[in-house]
Amino acid sequence: MTELTPLHGKRILLIIGGGIAAYKTLELIRRLRDKGVHVRALMTKAAHEFVTPLSVSSLTGEKVYTDLFDLTDEAEMGHIQLSRDADLLLVAPATADLMARMVAGMANDLATTALLATDKPVMVAPAMNVRMWEHKATQRNIAQLAQDGVGFIGPDDGDMACGEFGPGRFSETPDIIAAVENHFRASSEPLSGSLAGPLAGRHILVTSGPTHEPIDPVRYLANRSSGKQGHAIAGSLARLGAQVTLVAGPTTQPNPAGVTVVQIETAREMLAACQTALPADGVICAAAVADWRVAQDAEQKMKKGPDGVPALALTENPDILATISQLPKGKRPALVVGFAAETEKVIEHATAKLARKKCDWLVANDVSPASGVMGGDMNTVHVLSATGRDDWPQLSKTEVAERLARKVADYFST
Ligand code: C5P
């Protein structure tokens with residue numbers, strides 16, 4: 001049965017790239033059609049190695065256009081018309097090669113010709129090996145595509161067909177559909193030239209990673225935060241079109257594409273960087289900020305000596321989340337989101353924290369050693385707000401980021 005959603009009656013040109021994930025587009029086509037979408041498909045030559053045009057056309061109920069675009073095809077449907085006769089061009093799976101050709105503005109096959117000729121929004125759902133995804137060339141291309149207005153869906157973290165683990169996995173079908181739905185919900189009219197994304201025009205500030213609090217010039221107090229969750233959130237928000245400032249403590253995470261990153265070390269530097277970055281429409285405080293610092297850090301390296309073990313007197317750090325949440329009206333961002341990393345009584349402590357910090361949403365998670373969350377790739381979160389609590393299933397940190405970014409986009413679109 002066809003459900004009435006923002007997708008109903010929309011026309012999507014699905015460009016199927018040549019990756020192992022191409023077979024998953026068969027399920028995607030079915031689900032899109034269930035939602036009343038008119039799907040026309042175009043396959044690259046490499047995609048034929050993974051899925052046949054016959055299977056694709058059986059599901060779209062339409063002729064499938066291929067790179068072997070002949071004169072009969074051109075007479076029936078010119079390539080310019082093909083590229084414009086849609087509300088959205090969705091490239092799935094988007095391979096590293098296809099994205100590189102998009103960045104270069106190449107038109108050496110039907111897929112790239114359609115992408116170059118279109119005046120409609122473009123979204124890509126990348127899928128590739130983790131090393132290919134992390135390669136500087138791919139990261140450069142992603143940043144350029146994001147700047148050109150292309151919307152990104154994923155990729156997810158996870159096991160891959162090649163046996164490796166990490167970012168690069170094709171997003172799950174429901175996540176792709178949700179992202180496309182959000183696009184149509186946010187833009188009742190297609191935007192000319194590029195996809196601005198549902199968060200276009202919004203400035204979102206994100207904090208991520210730990211802080212390092214100096215004891216002396218070579219020692220510091222820190223925590224086990226990897227910055228994976230906060231950095232993923234910044235990347236997901238940018239892919240939805242937001243202008244993102246990421247204030248990041250010391251981490252080994254790569255800078256997310258399309259995000260302005262401000263590196264800091266201490267909680268006080270983080271607060272100052274956030275204050276400089278304001279105003280913002282939304283703030284996501286995902287950093288694991290040290291609650292305390294050494295009251296007086298030593299100017300020189302502390303030495304072992306006859307006086308025995310030094311006592312470290314601690315003092316409280318500024319609370320960035322509480323400070324921003326309690327800014328006066330007019331200066332306070334419309335949406336302030338905090339995180340609560342708890343090792344016990346997760347909901348109880350998080351509920352108290354939501355009230356104490358005066359933020360709008362609080363994302364709570366269990367970071368006890370048994371959970372493997374600190375430094376790991378998975379997370380199980382509960383999103384608390386004044387209106388109640390949403391318990392999300394165990395997800396990769398990338399998926400948590402995607403969902404949270406979409407929730408932020410929904411917040412600003414209503
Ligand atoms: O109180 P607690 O540290 O558990 O609160 C966690 C939330 O508060 C997180 O969103 C964290 O980024 C934020 N926080 C902060 N500044 C601090 C301590 C925590 O912004 N000094």
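*Asks:* Is there a simple way to think about the overall build of the chain in this case?
*Replies:* Assigned secondary structure in the chain consists of 14 helices and 21 strands. In terms of overall size, the chain behaves like a compact globule, its C-alpha atoms giving a radius of gyration of 24 Å where 414 residues would be expected to give roughly 22 Å. Across its three principal axes, the chain shows a C-alpha extent of roughly 90 × 45 × 35 Å. Residues classed as buried in the chain amount to 52% of the 414 residues present. For the chain, the share of sequence-separated contacts (at least 6 apart) that also reach a separation of at least 24 residues comes to 68%.

*Asks:* Got a minute to help me understand the domain arrangement of the chain in this structure?
*Replies:* For an interface, size is often stated in terms of accessible area lost upon the parts coming together. By domain assignment, the chain separates into domain 1 (11–188) and domain 2 (192–299 + 306–413). With 24 residues of domain 1 at the interface, the matching set in domain 2 holds 16 residues. Summed over both partners, the interface of domain 1 with domain 2 comes to about 1700 Å²; 55% of that surface belongs to carbon and sulfur atoms. If you sort the residues of domain 1 by the area they bury against domain 2, Phe 152, Asp 157 and Asn 182 come out on top, with a joint share of 25%. Summed over the shared surface of domain 1 and domain 2, the result is 1 salt bridge. Residue Arg 406 is joined to Asp 175 by a salt bridge in which the shortest nitrogen-to-oxygen separation is 3.8 Å. One can count 1 residue pair in polar contact (both at pLDDT 80 or more) joining domain 1 with domain 2. For the side of domain 1 that touches domain 2, the secondary-structure elements that each account for two or more residues are β4 (122–126), α8 (136–147), β5 (151–152), β6 (156–159) and α9 (173–186). Its residues assigned to classes, the side of domain 1 that touches domain 2 shows 12 nonpolar, 5 polar and 7 charged.

*Asks:* What exactly am I supposed to notice about the packing of aromatic side chains here?
*Replies:* Here a ring pair, both rings aromatic, is described through the centre-centre distance and the interplanar angle of the planes. Throughout the structure, instances matching the rule amount to 2 aromatic pairs. Each ring, one from Trp 361 and one from Tyr 411, has its centre 6.0 Å from the other, and the planes form 90 degrees; the classification is edge-to-face. In this pair, Trp 361 sits in strand β17 (residues 361–366) while Tyr 411 sits in helix α14 (residues 397–413), placing the two residues 50 residues apart along the sequence. Overall, Trp 361 belongs to the buried group, its relative accessible area being 9%. Taken together, the ring pairs connect Trp 361, Tyr 411 and Phe 412 into an aromatic cluster. Stacked on the ring of Trp 392, the Lys or Arg Arg 403 has its end atom at 5.5 Å from the ring centre.

*Asks:* Mind showing me how you'd approach the pattern of salt bridges here?
*Replies:* For the coordinates displayed, the defined rule picks out 22 salt bridges. When salt bridges with common partners are traced through the structure, they connect Arg 11, Arg 40, Glu 62, Asp 85 and Asp 87 into a single cluster.

*Asks:* Please clarify how unusual backbone geometry should be interpreted in this entry.
*Replies:* One can expect most non-glycine residues to show negative phi and most peptide bonds to be in trans. In this structure, Pro 93 follows Ala 92 across a cis peptide bond, with omega equal to -10 degrees. Locating Pro 93 in the fold gives a position in strand β3 (residues 88–94). With an omega of 10 degrees, the peptide bond running from Leu 278 to Pro 279 counts as cis. Along the chain, Pro 279 falls in the loop between α11 (267–277) and β13 (282–285). Here Lys 345, not a glycine, exhibits a phi torsion of approximately 40 degrees, which is positive. For Lys 345, the position within the fold is in the loop between β16 (335–342) and α13 (346–357).

*Asks:* How should the sheet that holds strand β2 (residues 38–43) be read in this particular structure?
*Replies:* Where strands meet in a sheet, backbone hydrogen bonds hold them as pairs that are either parallel or antiparallel. Judged by pairing direction, the sheet is parallel, and its 5 strands sit side by side in the order β2-β1-β3-β4-β5 without closing on themselves. Whereas interior strands pair on both sides, the edge strands pair on one side only; in this sheet they are β2 and β5. The sheet contact formed by β4 and β5 spans 2 bridges and is parallel. Paired with Val 124 across the bridge in β5 is Phe 152. Helix-sheet contacts for helix α2 (residues 53–60) involve β1 (11–16) and β2, and the interaxial angle to β2 is about 170 degrees.

*Asks:* I'm lost on the nonpolar core in this one. Help?
*Replies:* Nonpolar side chains tend to gather and get buried jointly when the protein is soluble and globular. If you look at the biggest cluster of nonpolar residues, it comprises 32 residues, and the most contacted ones within it are Leu 237, Ile 284 and Val 408. For this core, the secondary-structure elements that each account for two or more residues are β8 (203–208), α10 (228–239), β11 (243–248), β16, β17, β19 (381–385) and α14. The leading source of residues in this core is α14, at 7 residues. Apart from residues lying up to four places away in sequence, Leu 237 is in contact with Leu 199, Ile 204, Val 206, Ala 242, Val 244, Ile 284, Ala 405 and Val 408. Core analysis: the next-biggest nonpolar cluster, separate from the first, contains 31 residues, Leu 14, Ile 16, Ile 153 and Val 180 among them.

*Asks:* How do you make sense of the environment of Arg 239 when you look at a structure like this?
*Replies:* With respect to the secondary-structure elements, Arg 239 resides in helix α10. Residue class for Arg 239 comes out buried when judged on its relative accessible area of 17%. Not counting residues within four places of it along the chain, the set of residues in contact with Arg 239 comprises Gly 151, Phe 152, Gly 154 and Glu 402.

*Asks:* Quick question: what am I supposed to make of the site of the ligand here?
*Replies:* In the neighbourhood of the ligand, the contacting residues comprise Cys 285, Ala 287, Val 289, Asp 291, Pro 318, Asp 319, Ile 320, Leu 321, Gly 338, Phe 339, Lys 353 and Lys 357. Here an oxygen atom of the ligand sits 2.7 Å away from a polar atom, N or O, in the main chain of Phe 339. Counting residues per element, the ones that place at least two in the shell around the ligand are α12 (320–325), β16 and α13. Classifying every residue of the shell around the ligand gives 7 nonpolar, 1 polar and 4 charged.

*Asks:* What am I meant to see in the environment of Ser 57 here?
*Replies:* Structurally, the position occupied by Ser 57 is in helix α2. In sequence terms Ser 57 and Leu 42 are 15 residues apart; their C-alpha atoms lie 9.8 Å from each other. Every residue in contact with Ser 57, bar those within four places of it in the chain, is listed here: Glu 62 and Val 64.

Rules used throughout
- Along every chain, residues carry numbers that run from 1 in the direction the sequence is written.
- In keeping with the model being predicted, local features are shown solely for residues with a pLDDT of at least 70 and side-chain atom pairs are shown and tallied solely at 80 or more, while totals for entire chains, interfaces and linings include all residues.
- Side-chain measures were taken over the full set of non-hydrogen atoms in the model, leaving aside hydrogen atoms and water.
- For the purposes of this entry, the term helix denotes a DSSP run of H or I that reaches at least four residues, the term strand denotes a run of E that reaches at least two, and both are numbered from the N terminus.
- For the radius of gyration, the atom set is restricted to C-alpha positions; the globular benchmark scales as 2.2 Å times the number of residues to the power 0.38.
- Note on classification: 1.4 Å probe, protein chains only; a residue is buried when its accessible area is under 20% of the maximum for its type, exposed when over 50%, partly exposed between these limits.
- Any two residues whose heavy atoms approach within 4.5 Å at even a single point are treated as in contact.
- Note that domain bounds follow an automatic or database assignment of domains.
- Summed over both partners, buried area is the accessible surface (1.4 Å probe) that two parts give up on being assembled.
- Basic side-chain nitrogens of Lys or Arg form a salt bridge, by our definition, when they fall within 4 Å of a carboxyl oxygen of Asp or Glu.
- N or O atoms within 3.5 Å of each other form a polar contact, as long as, within protein, one can give a hydrogen and the other can take it, and as long as residues adjacent in sequence are counted only when both atoms are side-chain atoms.
- Residues are grouped as follows: Ala, Val, Leu, Ile, Met, Phe, Trp, Tyr, Cys and Pro are nonpolar; Asp, Glu, Lys and Arg are charged; all remaining types, including Gly, are polar.
- Between the rings of Phe, Tyr and Trp (Trp by its six-membered ring), a pair exists once the centres lie within 6.5 Å; its type follows the angle of the planes, with under 30 degrees stacked, over 60 edge-to-face, and the other angles tilted.
- To sit over a ring, a charge needs its Lys NZ or Arg CZ within 6 Å of the ring centre and within 35 degrees of the ring normal.
- Here a strand pair is declared whenever DSSP counts at least two bridges between the two strands.
- Angles here are taken between N-to-C directions and fall from 0 to 180 degrees, while the axes themselves are lines fitted to C-alpha atoms, restricted in helices to the stretch in contact.
- We call a set of buried residues a nonpolar core when its members are Ala, Val, Leu, Ile, Met, Phe, Trp, Tyr or Cys and they connect through side-chain atoms within 4.5 Å of each other.
- When at least one non-hydrogen atom of a residue lies within 4 Å of a molecule or strand, that residue is treated as near it.

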